[in-house]
Amino acid sequence: MLQLSATFDLQQDVVSSIFKKEATVGIIKEYSGIVDTRILNIERDGGVLYSWKGETGTTRIGKYDPNTRQNKLLYTFDKQVCVSSCSLNKEETLLAVSLAQRTRTEERLRPVSKCLTLLIEIHPINNTKVLKAVDCRVRVQFLHPDTERDSVLESHLLLVAEDGYVEQLHVMLVRQEGYRVVMLSPECLARDRVAEEFSWVQWDSQTQRLFYLTHREKAVLKCVQFSHDRDCETLFELVLELPSNPFTCMRFVNLGFDHHQETQQEREEMRMVVITNNTGSMCVCYSQPACVNQEITYTIVLVHRGCSKTFSVALDGTPSPCSTDLLPLFIPIGYYVVVYLSGHFLHCINTRQQELLCHSLFLSGVDAELGVLGSDSVVLSLPESSLLDLNTGRMYTVDLNPSFLMDLLHCSHRRPDAQRLAALHCLLLYMGPNAALELKIIDWICDNVMPFDTFDQIQEFILASLYRIIYKKCLSLDEVLPYSSVFEKKKVPEALDQVPGVTCTTELHAEPVFKGKARSLQGYWEELQWSTEKMKYFEAVPNPRYRASQNLPDWTKLLTTLLEKSKNKKASNYLRHIEENTKQVLSKVDSWNLDQKVVLLFQEEDSQQRALIGLMVDKLREHLNRHLPRLGKKKIDVLVVNYVAKLLELIRRMLESVWLKYKLGPLVLCLKQQGSSAEWTVFHVMCRILEATKTLCLPLPPGYHTLLSVLGVRCLPRHTFLQYVDHGVLQLTETFVSRLMTDLDNSDANEELKFSIVKRLPESMEQRICHLWDHPISSACISRDYVRGLLEKHAKTKGSMFMERDEPGFRPEFLPLTFLTKILLDVEDRVLNPFEEQENVDARFVEETALKQTLILMGFQDK
C-alpha cells in the first residue's frame, strides 16, 4: 500500500563520509573509531544534525546537507558528553545544545544540574554562553523565518522545558573583521515567555507554529504562530474531549530526538499529533494503546469540517498487555492521514471526503506490511510525509503505491467494493494528473465495463477526475461540488458504509476560537477560519452539493424549446445566452487540443449537446454564486468554464484511449462494411459511457452520438439498431443520417433501413434529408412538399388566369398533368418560391416525378 523511498542513511551518508575524511588525515584508522552516531534534529531546510563520539574521547556535532549531500563539522566538545537536544540557526552562525548530565560517583557530593543548555558561536568557533542549568530536560529549537534578506544579524531561539513552559530568546549578532559573527551583549539576552502549564507540545518547522496542550478543567489545544518580524501570537484554541490527565509526563513532538531519556518514562500513555495542510485543513489525531480486549481506538478531529471521527479496530492475535508497540503512527500524505499499526492494519483516512467509510482505505494482514521496516524497528513519523527508523538511522519519504492500488482494482473477486472504490479515489485524486496511470484505469474500466453492485466505475472516474482539477483551489469546494456518484443514490449501500472489523462514530466538536489581530489571520488561518464558519452554513442549507442530475427538469424544458424553435422573445434570449456559454467552453477545449485528434469529435453542430453544455455552465455558475460568493464572480466564471471543458476533454481522452487500445482506424466510419469484434467492444464501452453520463445529466462532446450511431449500424442487426433508436440509446443526428443516405446504395435491405429512419425523423430534418437521397420516393416527397407550399402561397393571392404557353415539353394527351404544370409555371412567376434555396426543384421536376411515379404504379417501369 505504501512505498518507502530512502532519503537518508546514517551509516552511508554520515559514518562512511566521516571515516573517509578523518582516515585521510590519520585521525582514525577504522570504523570502530566512530561510535555512538546519533541523529539529533532535522531542521526546516532538511538538514540533519547528528553527533558522534571519537576514540580520542571527544564528542562532535555535524550537519548533513541533503541538497549537496555533504557533511559539515559544526562543533567539537573536548570530552564525551550526552547531547539530548541540538539546533542550528538559519545562517549557521549559532549552535544551541542541551546536554544531559549524569552525576559520577566521585561527584555525588557536589550538586550538578541534570540539564545544561548552551549557546555557542561557531562562525568561527568562539564564545559559549550558558543559557540554563536546571533539573529538567530542555529542548532547543531555532526559528527559521521566511525572509528575503541575505544576511540577518538576529536569531530567535525557543527553549522548551520539561517543566511545561516555553521561552523565546532574541539573540542580536554583530559582524566583526568582515567575517566573524558574534553575539552582541550575550550577558543580557532578551527573553519572552511564550507558553506555560502544558503537558504536550509540538513544533511545526515548515509553518513555524508551536502547538501545545493545557489541561485545567478541560483539555485545550493552543497554537502560537511565529512571524519573520520576531512577533508571536496565540491565534487558535480548541477544546478537546480527551481522557482526564492524558499525559503523566511531558511529550515532545518534532523537537529533536533525545537518546538519553530517563528509563522511568517507560510507557507512552497517549500518542497525539496535529497535522495541517496549506489548503486550510487541520486534523488533531490521538490514540491510546490497545489493552486486554485487543481493540484499539483512535480519533481524528477534523477541525476544518467541524466534526471528529473515532474508529475502533479489533486486533487479531492473542491478547497482550498495553504497550507502546500498540500505539499507531499518524502519517500525513497529502490530504490523507495514514494510521499505521505495525503487524496489524493500515488505515488511509480521507480527511476531505470523510462522510463515508468507502472513501478511506482500510487494509490488514499482509496488505498492511511495510517491507523495509523490520519487526524490531522503532519508527517515528516526521512532517512532510517522512518516517525515521531510530534503530538503523534511516529516513524515508512515504507515498501511496500506485501499483498496489491498481492490483486492488483488478482483484475484483477477492476485494469488497468499498476497498476498490477507495483505491480508485486514491489513484485519481491523490496521485494527480498522470497520463500513464489514467490509461491503466481506463483499461481497467474497459475490462470491467458493467457497473458494480454498489457503484458505477465510469461515473466515479468522471466525477473524481473533475474534482481533482479544483480541490486545491478552495477547501469549501468540497461541500458544493460532487466527487462521487454514490450520493446520487437514494440510499447508500451498506457495503460502502461498513468495513469488517472497523466501527466508526461521528461527533460534532466544540467550535475553535480564533484570536489575534486581523492582519495575523491571513493565508492559512484565514482559510481555516472561513472553512469552519462556512460549515455551519452548509449544515443549515438543503442540498449544498451540486448535482447535475437535478438539472433534468430544466433540460427537458430547454429541449422542448429547442425543438419547437419558439419565437417567444424571452425564450430566444435564453437560447442565445445558453449558446454563449457553450461557445466559451468549446473555445477552451479547442485551445487545449491543437494537435491531430484520434477520434473525430467536436467536428459538427450537435444542437442538443451544445444546449446541455450551456445549461450545465449556467446551473453550476448559479450554484457556486449562491453558496460561495466569497470566490467572486470572475473566479467562478473561469472555474465553471474550465470544469465543463475538462468534462468534455475527459470523455474525449477516454474515447481516444479505447480507440487506441482496440486499434480502430478511419475505416470504422464507413457504413458499407460490417463491424469487427473490436468495434463491438468499443460500441459497448461507448454505450456505457452514454448511460453513465445520461444518468447524471452530463453533456457529451458534440459528435459523440454520430460516432455511436455509425458503430451501431456496423455492429448491430438492423432491427436491433432501430430498437436502440426507439429506446433513446442512439440518436439520429443529421450528420449520421446524411452519411447513411449517401454512403449506402438502394438495395432492398438498405432501402428498408432508410425508410425506417426517415419516418423516425422530425419533419424539419426529413425535408433536408430527402434532398440527399436519390430515390423516386424521396423525389415524390420533395414534389409534394413543393406543390403544397407553392399552392398555399397561390391561395393567398387573388388568383391568376390560365395563360396558354407555347413551350416545348407539354404533353396535351394527358390533360390533368398538363393543366397542373401550367398552373405551377404561372405561380412560379407570381409568388416567392419557398424552396428557392433548394436545388433542382421546379415545375419541370414535379412533372417528371409525377410521370415516373405513374409508370411505376401501372407496372410499366421498375423502381
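Look up: the structure comes first, before these words.
Remember, predicted model here, so these are calculated numbers, not experimental data.

Among the 7 residues that make up strand 16 (residues 209-215), 6 are buried, leaving the element largely enclosed by the rest of the structure. In this structure, strand 16 lies alongside strand 17 (residues 219-226), joined through 7 bridges in antiparallel fashion. Each bridged residue has a counterpart across the sheet, and for L210 the counterpart in strand 17 is V224. Between the antiparallel neighbours strand 16 and strand 17 lie 3 residues.

With that out of the way, let us pick up helix 7 (residues 552-564). With 13 residues, helix 7 extends 18 Å from end C-alpha to end C-alpha; this agrees with the ideal 18 Å at 1.5 Å per step. Along helix 7, the positions that sit buried rather than exposed are W555, L558 and T561. For helix 7, the angular spread of buried residues about the axis comes to 125°, placing them on one side. The exposed residues of helix 7 that point more than 90 degrees off its buried face are P553, K557, L563 and E564. Elements that come into contact with the buried residues of helix 7 comprise helix 8 (569-592) and helix 9 (607-627).

Before going further, it helps to examine unusual backbone geometry. Omega for the bond connecting H123 with P124 falls within 30 degrees of zero, at -10°, which places this linkage in the cis form. We note that E384 has phi near 60°; this positive angle belongs to a residue other than glycine. Secondary-structure assignment places E384 in the loop between strand 28 (379-382) and strand 29 (386-389). Even without glycine at this site, C697 takes up a positive phi of about 60°. The residue C697 is located in the loop between helix 11 (677-696) and helix 12 (704-715) in this model.

This part is about the side chain of S549. Within the element layout of this structure, S549 appears in the loop between helix 6 (524-540) and helix 7. Among residues more than four places away in sequence, those in contact with S549 are E488, T695, L696 and C697.

Here we come to the environment of I769. Within the fold, I769 resides in helix 16 (residues 763-770). For I769, a relative accessible area of 1% translates into the label buried. Dropping the residues within four chain positions of it, I769 is found in contact with E734, V737, S738, M741 and L761.

A word on the environment of D13. Assignment of secondary structure puts D13 in helix 1 (residues 10-24). Residue classification places D13 among the buried residues on the basis of a relative accessible area of 13%. Apart from residues no more than four positions distant in its own chain, D13 is found in contact with T7, F8, Y64, R69 and N71.

A few words now on the sheet that holds strand 28. Within the open sheet, the 4 strands sit side by side as 1-30-29-28. Their pairing is antiparallel. Two strands bound the open sheet, and with one partner strand each, they are strand 1 (2-9) and strand 28. Direction aside, neighbouring strands of the sheet carry axes that sit 30° apart on average. Sheet topology note: the strand 1/strand 30 (residues 394-400) ladder contains 7 bridges and is antiparallel. In the sheet register, S5 faces strand 30, and the bridge partner there is T397.

Judged by nonpolar contacts, the single largest core of 134 residues is most densely connected at M1, L2, I441, L477, Y704 and F721. The greatest single-element share of this core, amounting to 15 residues, is contributed by helix 10 (residues 633-661). With near-sequence residues (within four places) excluded, I441 lies in contact with M406, L424, L427, L428 and F461. Counting residues in hydrophobic clusters, the runner-up holds 50 residues, among them L235, A290, L302 and V303.

Moving on to the pattern of salt bridges. Pairing is possible between side chains that carry opposite charge, provided their charged atoms lie close to one another. According to the stated counting rule, one finds 42 salt bridges in the structure shown. For R69, the salt bridge is made with D13, and the minimal N-O distance between the two is 3.3 Å. Here the residue R69 occupies a position in the loop between strand 4 (59-65) and strand 5 (70-77), and D13 occupies one in helix 1, the gap between them amounting to 56 residues. The shortest N-O distance in the salt bridge between K619 and D554 comes to 3.7 Å. Of this pair, K619 sits in helix 9 while D554 sits in helix 7, and the two are 65 residues apart along the sequence. Residue classification places D554 among the partly exposed residues on the basis of a relative accessible area of 31%. Residues joined in a network through salt bridges with shared partners are E438, R468, E649, R652, R653 and E656.

In this section: the state of the cysteines. Here a disulfide denotes one covalent bond, and it connects the sulfur atoms of two cysteines. Enumeration according to the criterion identifies 0 disulfides in this entry. With no disulfide of its own, C115 lies 6.9 Å from the sulfur of C136, the closest cysteine sulfur. Residue C115 is classed as buried on the basis of its relative accessible area of 0%.

Glancing now at the packing of helix 7 against helix 9. Remark: helix 7 packs on helix 9, axes separated minimally by 10 Å, with the N-to-C direction vectors making an angle of 135°. In terms of axis orientation, helix 7 runs oblique to helix 9. Between helix 7 and helix 9 the crossing geometry is right-handed. Of helix 9, the residues touching helix 7 (which contributes D554, W555, L558, L559 and L562) are S607, Q608, A611, L612, L615 and K619.

Now for the sheet that holds strand 20 (residues 271-277). Across the sheet, which stays open at both edges, the 5 strands sit in the order 20-21-22-23-31 with antiparallel pairing between neighbours. Edge positions in the sheet fall to strand 20 and strand 31 (502-508), since each has one partner strand and no second. Each strand axis lies, on average, 15° off the axis of its neighbour in the sheet, ignoring direction. The sheet contact formed by strand 20 and strand 21 (residues 281-287) spans 7 bridges and is antiparallel. Considered in strand 21, the bridge of N277 is made with S281.

Conventions and cut-offs
- Sequence order as written defines the numbering, with residues in each chain counted from 1.
- Given that this is a predicted model, residues contribute local features only at a pLDDT of at least 70 and side-chain atom pairs are listed and counted only at 80 or more, while totals for whole chains, interfaces and linings are drawn from all residues.
- Think of the side-chain values as coming from all heavy atoms in the structure, minus any hydrogens and water.
- Burial status follows relative accessibility: with a 1.4 Å probe on protein chains alone, a residue under 20% of its type maximum counts as buried, one over 50% as exposed, and anything between as partly exposed.
- Only runs of H or I of at least four residues qualify as helices and only runs of E of at least two qualify as strands under DSSP, and these elements are numbered from the N terminus.
- By this definition, two strands are paired if DSSP reports at least two bridges between them.
- Here a helix's expected span is defined as the number of its residues, less one, multiplied by 1.5 Å.
- In this description, the arc belongs to the directions extending from the helix axis to the C-beta atoms.
- Every residue pair with non-hydrogen atoms within 4.5 Å of one another is taken to be in contact.
- Angles run from 0 to 180 degrees between N-to-C directions of axes, and those axes are lines fitted to C-alpha atoms, restricted for helices to the stretch in contact.
- Working definition of a nonpolar core: buried Ala, Val, Leu, Ile, Met, Phe, Trp, Tyr and Cys residues. They are joined through side-chain atoms within 4.5 Å.
- Salt-bridge detection follows one rule: a side-chain nitrogen of Lys or Arg within 4 Å of a carboxyl oxygen of Asp or Glu.
- Counting rule for disulfides: a pair of cysteine sulfur atoms within 2.5 Å.
- An angle below 35 degrees is read as roughly parallel, one above 145 as roughly antiparallel, one from 65 to 115 as roughly perpendicular, and any other as oblique.
- Should the near helix be turned counterclockwise from the far one by less than a right angle, the crossing is left-handed, whereas a clockwise turn marks it as right-handed.

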